[in-house]
Amino acid sequence: MLNCSMVRIHRVSSNSNSSCSLLLKMAAQFMRKVVSNGTPLTRYYSSEVKKVTIIPGDGIGPEISAAVQKIFASAKVPIEWESVDVTPVRNPDGKFGIPQAAIESVNRNKVGLKGPLMTPVGKGHRSLNLALRKEFNLYANVRPCRSLEGYETLYDNVDVVTIRENTEGEYSGIEHEIVDGVVQSIKLITEEASRRVAEFAFVYAKENGRHKVTAVHKANIMRMSDGLFLHCCREAAQKFPDVKFEEKYLDTVCLNMVQDPGQYDVLVMPNLYGDILSDMCAGLVGGLGLTPSGNIGLNGALFESVHGTAPDIAGQDKANPTALLLSGVMMLRYMNLNKHADSIQQACFDTIKEAKYRTGDLGGQAKCSEFTNEICRKVESS
Amino acid sequence: YAGVPVDFEEVQMDPKSESNEDLEYAITSIRRNGVAIKGNIETGSMSRGVISRNVALRNELDLFINVLHCKSYPGVKARHKDIDIIIVRQNTEGEYAMLEHESCYVIVQQSMKVVTSENSERVARYAFEYAKKHGRKKVTTIHKANIMKLSDGLFLETSRKIAADYPEIEHSDMIIDNCCMQLVSNPHQFDVMIMTNLYGTIVSNVVCGLVGGAGLLSGKNYGDHYAIFEPGTRNTGTAIAGKNIANPIAMLNASVDMLEHLGHHYHADIINKAIQKTVNEDCIHTPDLGGQATSIDVVQNIVKYIQQTTKTSNCLNFNAQCRYLKCINIHTYIIISLTIR
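The structure displayed is predicted, hence computed values, not measured ones.

**Examining the packing of helix α5 (residues 176–185) of chain B against helix α6 (residues 197–211) of chain B**
Residue and element names in this part refer to chain B.
Working step 1: Packing of α5 against α6 leaves a shortest axis separation of 11 Å and a crossing angle of 5°. For the element pair α5 / α6, the angle class is roughly parallel. For the pair formed by α5 and α6, the contact residues are Ile 176, Cys 179, Cys 180 and Leu 183 on the first element and Tyr 199, Ile 202, Val 203, Val 206, Val 207 and Leu 210 on the second.
Working step 2: Among the residues making up the contact of α5 with α6, the classes are represented as ten nonpolar, no polar and no charged.

**Comments concerning the pattern of salt bridges**
Pairs may arise between side chains of opposite charge once their charged atoms sit close together.
Working step 1: For the coordinates displayed, the defined rule picks out 34 salt bridges over all chains.
Working step 2: For Arg210(A), the salt bridge is made with Asp265(A), and the minimal N-O distance between the two is 2.8 Å. Taken together, the residues Arg210(A) in the loop between α6 (191–207) and β10 (212–217) and Asp265(A) in the loop between α8 (250–259) and β12 (266–269) connect sequence positions 55 residues apart.
Working step 3: A salt bridge links Asp269(B) to Lys273(B), with the shortest nitrogen-to-oxygen separation between them at 3.0 Å. With Asp269(B) and Lys273(B) both in helix α8 (residues 265–281) and four residues apart, this pair spans about one turn of that helix.

**Considering the nonpolar core**
Working step 1: Within the largest apolar cluster, 73 residues are counted, with the highest numbers of intra-cluster contacts made by Met257(A), Leu183(B) and Val203(B).
Working step 2: With nine residues, the top contributor of residues to this core is α6(B).
Working step 3: With sequence-adjacent residues up to four places away left out, Met257(A) is seen in contact with Tyr155(A), Val160(A), Tyr264(A), Leu267(A), Met280(A), Cys281(A) and Leu284(A).
Working step 4: Ranked by size, the runner-up nonpolar core spans 69 residues in total, among them Ile71(A), Val111(A), Phe240(A) and Ile344(A).

**Regarding unusual backbone geometry**
Working step 1: Of note in the backbone geometry, Ala310(A) takes a positive phi value of approximately 45° without being a glycine.
Working step 2: With respect to the helices, strands and loops of the structure, Ala310(A) is situated in the loop between β14 (301–305) and α10 (322–334).
Working step 3: If you check the backbone angles, Asp62(B) has positive phi at about 55° while not being a glycine.
Working step 4: Positionally, Asp62(B) belongs in the loop between α2 (53–60) and β3 (65–71).

**Quick word on the packing of aromatic side chains**
Working step 1: Enumeration according to the criterion identifies ten aromatic pairs over all chains in this entry.
Working step 2: Ring geometry for Tyr139(A) against Phe200(A): centres 6.2 Å apart, planes inclined by 90°, an arrangement best described as edge-to-face. With Tyr139(A) in strand β6 (residues 138–146) and Phe200(A) in helix α6, this residue pair connects regions lying 61 residues apart in the sequence.
Working step 3: Exposure remark for Tyr139(A): the relative accessible area of 11% places this residue in the buried category.
Working step 4: Judged by its relative accessible area of 14%, Phe200(A) is buried.
Working step 5: Among the aromatic residues, those joined into a ring-pair cluster are Tyr126(B), Tyr130(B), Tyr222(B) and Phe229(B).
Working step 6: Geometry around Tyr249(A) places Lys218(A) over its ring, the cationic atom sitting 5.9 Å from the centre.
Working step 7: Residue placement shows Lys304(B) over the ring face of Tyr305(B); its charged tip is 5.4 Å from the ring centre.

What counts and what doesn't
Residues numbered from 1 in each chain as written. Chains lettered and ligands numbered in written order. Predicted model: local features only at pLDDT ≥ 70, side-chain atom pairs only at ≥ 80, totals over all residues. Heavy atoms only, no water. Axes fitted to C-alpha atoms, helices over the stretch in contact; angles between N-to-C directions. Helix = DSSP H or I, 4+ residues; strand = E, 2+ residues; numbered from the N terminus. Parallel < 35°, antiparallel > 145°, perpendicular 65-115°, else oblique. Contact = heavy atoms within 4.5 Å. Nonpolar A, V, L, I, M, F, W, Y, C, P; charged D, E, K, R; others polar. Salt bridge = Lys/Arg side-chain N within 4 Å of Asp/Glu carboxyl O. Core = buried A, V, L, I, M, F, W, Y, C linked by side-chain atoms within 4.5 Å. Buried < 20%, exposed > 50% of the residue type's maximum accessible area, 1.4 Å probe, protein only. Phe/Tyr/Trp six-rings, centres within 6.5 Å; stacked < 30°, edge-to-face > 60°. Lys NZ or Arg CZ within 6 Å of the ring centre and 35° of its normal.

And the structure:
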């Protein structure tokens, strides 16, 4: 039974409304500065030490980030961490803003690893995560969900990757109250964004040895919007003839996913369906505490753990660093450090499989540090 | 075989037709009779001007509620046992308002999701009344109000307002992605669920999958004046049409719902018991449930039980031939013909 505190995503903050809107303005400013550096991302081919920005986050964030850094150190990964804090601080001019150092760091390094952030929930402002994604142009969210050997759920043959369009769709944030009691929300689909994510899906499938890409849509009802998305997916499919392509209605996918998840490989879809389906797939394998997530953008990539900050267990050495660790592994693959990625991933899976050191959310008694040390031991001996 | 005192008016709808004649005839017929039972209608045309037939039917007749009672069948193999969830879903607006626009020469599309307080209130009121009538303890509103603050926010606020009128029923809310995650790991925490149109599609399909498949459950569409009964997950099953392997249980359950609605409890009960015996005791399952039986096998088994029951009691001797409002596609369709000698 999964510890519910790990599954929490949305937090109510004690900040006042005005500081929240300031926070968002600062986030947008932060991201604009990041995007302004327009050099395209190239693959890292040299074996020099690379710098990566790490945002520890709130709650259990700092302890799991420390765990990940420790494991990476024992695997001798050629990475130098640059830790930044995105909590607003008072600037010399008296206003609150995200620290300049954080902005410059992400701009420079182009790859980041993020822990859970506390996001205020309320009327009138978009969430911080949403603002980050939009400004950074992180157009695709990738979430591989794989059944973990040793952590049994009712589904044991899950190996699905959900790729979701990350910037528009139902989450465009455009809403109006037309008259009293009638509200409308706009779902925006553009050809550019759909094409980008469709092509990314096929490239990902090809590079990771995946055989099939399924486009999930509801074009029988939303003919124009989902129709456009589907059209872009079909076009991208033609450029990659060796990857199989199929299109399925959202209802069919939901129905089949809970009966036989093994029939799906890579799923590509617009924002809302992606959000729901990726969380559902995470639920099939054991919850958000075990699922990695990566956001790919035009100017870089940000890998993150998607669980909540779990303030009730923060600082007690009880947290499970698996999600952040697997996101780190995704990051290593993105940076072409596949050997290190493989050894860390294997060590992590083996530790969970052996079931000797498992944290509370997986039904065990081990501390976070014990779990981490065991993985380090395995990595060093491999 | 059950001696049901019902006469059917059959309406065919051609999925390939671009015109709305069939649709209008269907609507007139339903307006006349007040009650209908239908399969899912495939709208063959994907062109922008032609609205989805199922949606058009619901909107015209203002069938603002869709109720899906998801109950596990002990005889069907499924990962979760003893699921008993009621899904109450807004049926006419939300994401299925079918209001779409194109800006900038096809490269930008917009689709509008409309939420009104009037419809939200009707849905919430129905859900709580239903819960009260059937002794349900908990109602959960499913939403995404952290992102769609105005639209889903309105829906959530309305259901909270109505919840205040029913203090004996526990009301909670959950975000849709968390809800899906919880459904696949622990569906027993849910009792009655209220939601808008799109989330309703997703959740009802997930729960149908958990129970064992699209072929079992039936959905009820209610409006102030009309009611339509149909298979729960609204799939046309084109791939298996005409092969005698389609699962007729969903349609039969829809017919039982219809009879209950019309007040023919005696007949509804007979058919229902026959269905339960066939699925749970005799375990005659079609391939979608993992069995080997054909559609006709299932129907005949049910007929057998009905005959047994009606022999032992007084039954009226009707000469009724029943066929159902069905969808035609390129192949054939499920015909369930019950005739009475």
